[in-house]
There are 2 protein chains.
Amino acid sequence: MTEHLVIIGADAAGMSAASQARRRRGPEELRITAFERGSVTSYSACGIPYWVGGEVAEAAELIARTPEQHRARGIDLRLRTEVTALDPDGRRVRSRDLDTGAEQWTAYDHLVIATGAEPVRPALPGFDAPGVHTAHTLPDGQALLDTLGTLGTLGTLGTHDTLGTHDTLDGEPAERPRRAVVVGGGYIGIEMAEAMLRRGHRVTLVHRTPEPMPGLDPEMGALVRRGMAELGIEVIPGAEATEVLLGPDGRPRAVRSTAGEHPADLVVLGLGVRPRTALARAADLPLGVHGGLRTDERMRVLDGAGAPLPGLWAGGDCVEVRHLVSGRHQHVALGTHANKHGLVIGTNLGGGEAAFPGVVGTAITKICDLEIARTGLNEREATAAGLRWTATVVESTAQAGYYPGAAWMTVKLLAEQGSGRLLGLQIVGGAGAAKRIDIAAMALGSRLTVQELIFQDLAYAPPFSPVWDPVLVAARKAAARL
Amino acid sequence: MTEHLVIIGADAAGMSAASQARRRRGPEELRITAFERGSVTSYSACGIPYWVGGEVAEAAELIARTPEQHRARGIDLRLRTEVTALDPDGRRVRSRDLDTGAEQWTAYDHLVIATGAEPVRPALPGFDAPGVHTAHTLPDGQALLDTLGTLGTLGTLGTHDTLGTHDTLDGEPAERPRRAVVVGGGYIGIEMAEAMLRRGHRVTLVHRTPEPMPGLDPEMGALVRRGMAELGIEVIPGAEATEVLLGPDGRPRAVRSTAGEHPADLVVLGLGVRPRTALARAADLPLGVHGGLRTDERMRVLDGAGAPLPGLWAGGDCVEVRHLVSGRHQHVALGTHANKHGLVIGTNLGGGEAAFPGVVGTAITKICDLEIARTGLNEREATAAGLRWTATVVESTAQAGYYPGAAWMTVKLLAEQGSGRLLGLQIVGGAGAAKRIDIAAMALGSRLTVQELIFQDLAYAPPFSPVWDPVLVAARKAAARL
């Protein structure tokens, strides 16, 4: 008998699940229907800052798989169709065609909830005005580009340029420099700050925490703040944005914060995202403390007692995941996890066996040439997890010190007192510094101690690393202290 | 009572041991004497190609710690003093002052043999002529620079230039282009080929194996050959160099190989190194099949029965190390291992406990923008180790495919049939490709399966990686096949 798989949300998690299930089970065995509110599928939200910044020319480049490609694989894809209700007991979903308004119930055997996340937009005066942007979806990005076009600042500093300290000013158009205020100092905030620099704006970054990048410990965040200041960004730390002040045209003229007024032609909100789980909540599915769905390792939705609900799966930005170091659940909205969730769901739906073990909290970004990465727990998180830790900070270079252009890098390592188990690592540095966070991510995945980490056989040659990789130097110093 | 620690060879392994022992035990507890044939200490042999190529201006930059710095820490350093005999039973070494010829016996409580390795120089006609160079020591590098000076080709293509396909010819001096023949297609061969390109030479690479980089499987080596050809290097594969033909001035005019005659103004030998263990052999210390000393994990020299010899330690390029994947012993001459050996010896000598677990065979290099790395076992090695393996090759990009300048990369993964255990990984690609070999090195260190590797929480952002890291893509494909 043909089973019916219904998917809500045709992006990374949902369509990875669909593709994997289809690969394992043909249309005669498994019918697949995917509902998508928007008009595109499988796009890279993480790529939007580079499109807005002009480094990626077309939105189409951010689309990994088009509706036509999905349909060609036998997936019944309903675009511009919003799921308005779930009925888990009746195993059906209600959907509405956004163009015709027509509604209908669709029965399923298996349902994948992959509704993603939504950017935080505070209910404060002016925050919903035109010219106040988020950067979460392709339409968001297009709206921002439209505003840039209106402001006459769509020139860029050149697709392949690397912004140096002084290029910011040189790259501006001859007319009055445009001002962008970015609200929020996390990943999306600093990536959008770079995009606005590339578009020739003067950039002000307003953020609530004492230092940007609150996922880092403050002294590491201070390195980011210094790097941003060197790029010509005006950083306003410890400030809560309270209002977007509008001009006569109804568009931003300034952002008001607890630190003052910051002139703005354009405002970008980088205040993070939250799981988009209103639908699940309305269906009385239990949510975790971060508002995300809770699943087991096979990505089956759990009921309040922790037992999997029949036929219900969830993955991507709408779920909470287990942090393997703290043991706690977190909301981590990253395409890389969403893809893995989809693979796990599709494998299990297709008759295989797969489990998503959890995350260790790895994240990476850059602003111009300044690279930033973290994994595991920072001081605050380690303390909250009830761990006794010791911190070690080392300064080194990303390549051999004598190699031309060797980039500085600072590494901070947290290890558990007593056991010496690695708890977390943070990196801020120049080109080539940040991606070695993967060394620590792998060590966390295997629960290595710093003593074990020291003797890992990492790649060494002068253009790639000092003879002691900076991560290993941090491990050595930590081990010596423990 | 003061103990006496004697060290033979004042480079990475020896002086790391000395430094670590000194940090743990003061001069009143431990007297330290280090004998060094040459005039410098603690230099980066791996940096020599970049000095010869003009990217590093001065040999002094390659010296991590000078004789004066070592002496300031209470180490009695005897430069230009060669140890000519070991007497393990009498716990003494005989040394000769190379300037005065004076010889003497020195008694020790602990001896560290850190005599390093020596480049292979075949006993063939012309191979010992002036103008035929190795690049193992700083005097080797200086001799090569002197030859370049004689040839009038000391100009460079600019310290920070990245050589593109056509720059090679542009960078040449107006006079007749000089020709360098590099013999040997391994790490040092291709690094010296880059150095000679940077010095404006036309470069011919003669090597014995069907493809360069014999540590890679042939189809991965073919990518290296293609990349070198694009850089303008004439690659002569499958050819054994048999003679250096000399001109009337006694300097090279050509290299003769089994493939013909290759005009040369200068010859660089990159035929690998072998452990420098004549001294140990003369003292009847047992050597492994690769000619290196055998030690336990604490780096104590083993006797023929596998028991540690009292007071005898060894580390660095003169020892064999255990390969953690094959279980066999290998000779791997790398500064990163030498430093770790020194740390282990010095820790144990200083009253601590440290063990060197072995290697997984990680290596990395580049030629201009072409990056190359490997870890674990290749097909030949896996077969020799009696393992049943399956190979997976994937092509991807080092950054998100849409990110500007995204570099191609090819990944080859070997996994054990049945268990799915990762056995090895090889990478050839553009900028940003090779250092992620560390992901696989870490996985090998923890004996992960490809199924486990898939779900590691690696760093993702478009400037750093596709949403599925290419290493994980290879793991996925391998897992699907297993």
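Chain A is annotated in an unreviewed UniProt entry as NADPH-dependent 2,4-dienoyl-CoA reductase/sulfur reductase-like enzyme from Kitasatospora kifunensis. Here is the UniProt Sequence similarities (unreviewed entry) comment for chain A, exactly as written: "Belongs to the class-III pyridine nucleotide-disulfide oxidoreductase family."

Caption draft 1: Expanded view of the overall build of chain A. Each helix and strand counted, chain A has 13 helices and 26 strands in total. Since a compact globule built from 482 residues should have a radius of gyration of about 23 Å, the 23 Å found for chain A is in line with a globular shape. The C-alpha extent of chain A, read off along each of the three principal axes, is 65 × 60 × 40 Å. Long-range pairs, those at least 24 residues apart, make up 64% of the contacts in chain A between residues at least 6 apart in sequence. The averaged location of the 55 negative side-chain charges in chain A is 3 Å from the averaged location of its 49 positive side-chain charges.

Caption draft 2: Structural view of helix H1 (residues 12-24) of chain B. Here H1(B) contains 13 residues, and its C-alpha end-to-end distance of 18 Å stays within 8% of the 18 Å for a straight helix at 1.5 Å per residue. In terms of burial, H1(B) is a largely internal element, eleven of the 13 residues being buried. Inspection of H1(B) places Ala12(B), Ala13(B), Gly14(B), Met15(B), Ser16(B), Ala17(B), Ala18(B), Ser19(B), Gln20(B), Ala21(B) and Arg22(B) among the buried residues, and these make up the whole buried set. Summarising the contacts, the buried residues of H1(B) are in contact with helix H13 (470-481) of chain A together with strand E1 (3-8), strand E2 (30-35), helix H3 (67-72), strand E3 (75-78) and helix H9 (335-349) of chain B.

Caption draft 3: Main features of the pairing of strand E11 (residues 202-206) of chain A. Residue and element names in this part refer to chain A. Within E11, four of the five residues are buried, leaving the element largely enclosed by the surrounding structure. By the bridge criterion, five bridges tie strand E10 (residues 179-183) to E11 in an arrangement that is parallel. Bridge assignment links Val 181 to a residue of E11, and that residue is Thr 204. The handedness of the E10 to E11 crossover, carried by helix H6 (residues 187-198), is right-handed. Relative to strand E12 (residues 234-236), E11 runs parallel, the two sharing three bridges. Residue Thr 204 lies in a different strand from E12, and its bridge partner there is Glu 234. For the crossover from E11 across helix H7 (residues 218-230) to E12, the handedness is right-handed.

Caption draft 4: Inspection of the confidence of the model for chain A at higher detail. Per-residue pLDDT for chain A averages 94, and the proportion of residues at 70 or more is 95%. Note on residues 158-174 of chain A: pLDDT under 50 across the span, and 30 contacts to partners over four residues away in sequence or across chains.

Caption draft 5: Quick peek at the UniProt feature "domain: Pyridine nucleotide-disulphide oxidoreductase dimerisation" (unreviewed entry) in chain A. In the numbering used here, UniProt assigns the feature "domain: Pyridine nucleotide-disulphide oxidoreductase dimerisation" (unreviewed entry) to residues 364-467 of chain A. Taken end to end, residues 364-467 of chain A comprises 19% helix and 36% strand; its first and last C-alpha atoms sit 24 Å apart.

Caption draft 6: Inspection of the relation of the copies chain B and chain A at higher detail. Superposing chain B onto chain A takes a rotation of 180° combined with a translation of 0.0 Å along the rotation axis, leaving an RMSD of 0.0 Å. Such a combination of turn and shift is consistent with a two-fold rotation axis. A high fraction, 98%, of the interface residues of chain B reappear at the interface in chain A, so the copies pair face to face through one surface.

Caption draft 7: Layout of the pattern of salt bridges. All told, the structure shown has 55 salt bridges over all chains when counted by the stated rule. For the salt bridge of Arg256(A) with Glu243(A), the shortest nitrogen-to-oxygen distance reads 3.1 Å. Taken together, the positions of Arg256(A) in strand E14 (residues 252-257) and Glu243(A) in strand E13 (residues 241-246) put the pair 13 residues apart, joining distant regions of the chain. Taking relative accessible area as the criterion, Arg256(A) reaches 33% and is therefore assigned partly exposed. Ionic pairing is found between Glu240(B) and Arg208(B), a salt bridge with its closest N-O pair at 3.1 Å. Taken together, the positions of Glu240(B) in the loop between strand E12 (234-236) and strand E13 (241-246) and Arg208(B) in the loop between strand E11 (202-206) and helix H7 (218-230) put the pair 32 residues apart, joining distant regions of the chain. Of the residues examined, Glu240(B) reaches a relative accessible area of 34% and is grouped as partly exposed. Residue class for Arg208(B) comes out exposed when judged on its relative accessible area of 58%. What you see here is one network of salt bridges that share partners, running through Glu55(A), Glu194(A), Arg198(A) and Lys366(A).

Caption draft 8: Structural context of the packing of aromatic side chains. Under the counting rule described, the total for this entry stands at four aromatic pairs over all chains. Ring centres of Phe356(A) and Phe455(B) lie 6.3 Å apart, and the angle between their planes is 90°; this geometry places the pair in the edge-to-face category. With Phe356(A) in the loop between helix H9 (335-349) and strand E22 (363-367) and Phe455(B) in the loop between helix H12 (450-454) and helix H13 (470-481), this pair bridges two chains. Accessibility classification places Phe356(A) together with Phe455(B) in one group, the buried group. Lying across the ring of Trp468(B), Arg476(B) places its NZ or CZ 4.6 Å from the centre.

Caption draft 9: Broad picture of the state of the cysteines. Scanning the model with the defined rule gives zero disulfides over all chains in all. Free of any disulfide, Cys368(A) has its nearest cysteine sulfur in Cys46(A), 18 Å distant.

Caption draft 10: Local environment of the sheet that holds E12(B). Taken in spatial order, the five strands make up an open sheet running E9-E16-E10-E11-E12 (chain B), and their pairing is parallel. The open sheet is flanked by strand E9 (132-133) and E12 of chain B, the only strands paired with a single partner.

Caption draft 11: Focus on the sheet that holds strand E25 (residues 408-416) of chain B. All names here are of chain B. Ordered in space as E22-E23-E26-E25-E24, the five strands form an open sheet in which the pairing is antiparallel. One side of each edge strand has no neighbouring strand; the edge strands of this open sheet are strand E22 (363-367) and strand E24 (389-397). Across the sheet, the axes of successive neighbouring strands diverge by a mean angle of 10°, strand direction being ignored. Pairing of strand E23 (residues 370-376) with strand E26 (residues 422-429), which is carried by six bridges, proceeds in the antiparallel orientation. Counterpart to Arg 374 in the pairing with E26 is Gln 426. Its contacts with the sheet put helix H11 (residues 437-445) on E23 and E26, and the angle it makes with E26 is roughly 170°.

Caption draft 12: Spatial organisation of unusual backbone geometry. Residues and elements named next belong to chain B. Phi angles above zero are rare outside glycine, and Arg 80 is one such case at about 45°. Position of Arg 80 among the secondary structure elements: in the loop between E3 and strand E4 (81-87). A relative accessible area of 31% means that Arg 80 is categorised as partly exposed.

Caption draft 13: Here's a closer look at the packing of helix H1 (residues 12-24) of chain A against H9(A). Residues and elements named next belong to chain A. Their axes nearest at 7 Å, the elements H1 and H9 cross at an angle of 30°. With respect to their mutual orientation, H1 and H9 come out roughly parallel. Pair H1 / H9 crosses with right-handed handedness. Facing Ala 12, Ala 13, Ser 16, Ala 17, Gln 20, Ala 21 and Arg 24 of H1, the residues of H9 in contact are Ala 338, Asn 339, Gly 342, Leu 343, Ile 345, Gly 346, Thr 347 and Leu 349.

Conventions adopted
Residues numbered from 1 in each chain as written. Chains lettered and ligands numbered in written order. Predicted model: local features only at pLDDT ≥ 70, side-chain atom pairs only at ≥ 80, totals over all residues. Heavy atoms only, no water. UniProt positions renumbered as here; feature names shortened; annotations may be inferred. Helix = DSSP H or I, 4+ residues; strand = E, 2+ residues; numbered from the N terminus. Rg over C-alpha atoms; globule rule 2.2 N^0.38 Å. Contact = heavy atoms within 4.5 Å. Lys, Arg positive; Asp, Glu negative; His and termini not counted. Charge placed at Lys NZ, Arg CZ, Asp CG, Glu CD. Expected span 1.5 Å × (residues − 1). Buried < 20%, exposed > 50% of the residue type's maximum accessible area, 1.4 Å probe, protein only. Pairing = 2+ DSSP bridges. Right-handed = clockwise from strand over helix to strand, strands pointing away. pLDDT = per-residue confidence, 0-100. Least-squares fit on C-alpha atoms with pLDDT ≥ 70 in both. Salt bridge = Lys/Arg side-chain N within 4 Å of Asp/Glu carboxyl O. Phe/Tyr/Trp six-rings, centres within 6.5 Å; stacked < 30°, edge-to-face > 60°. Lys NZ or Arg CZ within 6 Å of the ring centre and 35° of its normal. Disulfide = S-S within 2.5 Å. Axes fitted to C-alpha atoms, helices over the stretch in contact; angles between N-to-C directions. Parallel < 35°, antiparallel > 145°, perpendicular 65-115°, else oblique. Left-handed = near helix turned anticlockwise from the far one by under 90°.

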